[in-house]
Amino acid sequence: MSQFDAGDFRTTLGQFASGVVVATGCLDGEPAGFAAQSFTSLSLEPPLVALCPARSSQSWPKLRDSGSFCINILSERQQAVCELFARTGIDKFAGLEWRPGITGSPVLAEALAFVDCELLEEHNAGDHFIAVGRVRDLGVLNADAGPLVFFRGAYGLADGA
């Protein structure tokens, strides 16, 4: 049996480049959201996606309680937005242009694309949850931009690729 620690786990999985999203929701008229890398398509029929928020997230309970969430796929021009939504205890929506999606969850105006979902299920998974969402609406907002990529603990790809 191999022996490894959390640092080894993070370094090894950091070799997998991922896109970055901001998950948003609106509870009692108050928008909330957080940055995430753990997002994937799950099923074409029915159209399902999976999001894996940390148990420690202060924003996820608001999205969960609202019964919906919107995945805002960030563009390469939105590193500052990602960093904003990674913070806690601030108004993350101040100065950002957004509109309510079909579920009422915020769709960020400058996002590359959005996927607006109804929350179907939540599963416990270690220090995270696995949230399954049924897609209610989606669209590409900025087809001319590239994605914001996270790789080896930093934004972008190594060697300028």
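Coordinates for the structure precede this section.
These remarks concern the structure in this document. For every chain, the first residue of the written sequence is number 1, and numbering continues from 1 along that sequence. The predicted origin of the model limits local features to residues at a pLDDT of at least 70 and limits the giving and counting of side-chain atom pairs to 80 or more, whereas totals for whole chains, interfaces and linings rest on all residues. Note that the side-chain values use all heavy atoms of the structure and ignore hydrogens as well as water.

With that settled, the discussion passes to the sheet that holds strand β12 (residues 154–155). Strand order in the open sheet made by the three strands is β1-β11-β12, with antiparallel pairing throughout. The two strands at the open ends of the sheet, each matched to only one other strand, are β1 (18–19) and β12. Following DSSP output, two strands are said to pair if at least two bridges run between them. Numbering of helices and strands runs from the N terminus; a helix is a DSSP stretch of H or I covering at least four residues, while a strand is a stretch of E covering at least two.

All right, on to the pairing of strand β10 (residues 128–140) then. In this structure, strand β5 (residues 48–51) lies alongside β10, joined through four bridges in antiparallel fashion. Note that in β10 the partner of Leu-51 across the bridge is Ala-131. Alignment of strand β9 (residues 113–125) against β10, held across twelve bridges, turns out to be antiparallel. The partner of Val-115 across the bridge, within β10, is Leu-138.

Each patch is built from salt-bridge-free residues with over 30% relative accessible area, joining like charges within 9 Å and nonpolar side chains (Val, Leu, Ile, Met, Phe, Trp, Tyr) within 5 Å. Accessible areas in this description were obtained via Shrake-Rupley with a 1.4 Å probe; residue shielding takes into account the shown protein chains only. What counts as a salt bridge is simple: a side-chain nitrogen of Lys or Arg found within 4 Å of a carboxyl oxygen of Asp or Glu. Charge counting treats Lys and Arg as positive and Asp and Glu as negative, with His and both chain ends excluded. Where a charge sits is defined by one atom per residue type, namely NZ (Lys), CZ (Arg), CG (Asp) or CD (Glu). A cluster of acidic side chains, namely Asp-28, Glu-30, Asp-65 and Asp-91, defines a negative patch on the protein surface. The topology assignment puts Asp-91 in the loop between α3 (79–85) and β7 (98–100).

Counting through the fold element by element, Lys-92 comes out in the loop between α3 and β7. The sequence separation of Lys-92 and Pro-31 amounts to 61 residues, and the corresponding C-alpha distance is 8.7 Å. Residue contacts are defined here by distance: any two heavy atoms, one from each residue, within 4.5 Å place the two residues in contact. The residues touching Lys-92, leaving out its near neighbours within four places in the chain, are Gly-33, Phe-34, Ser-59, Leu-84, Phe-85 and Arg-87. In this structure the side chain of Lys-92 is engaged in a polar contact, spanning 2.8 Å, whose partner is the backbone oxygen of Gly-33. Here a polar contact is recorded for every N or O atom pair within 3.5 Å, except that within protein the pair must consist of a potential hydrogen donor and a potential acceptor, and residues adjacent in sequence are included only if both atoms are side-chain atoms. Within polar-contact distance, the side chain of Lys-92 engages the side chain of Ser-59 at 3.5 Å.

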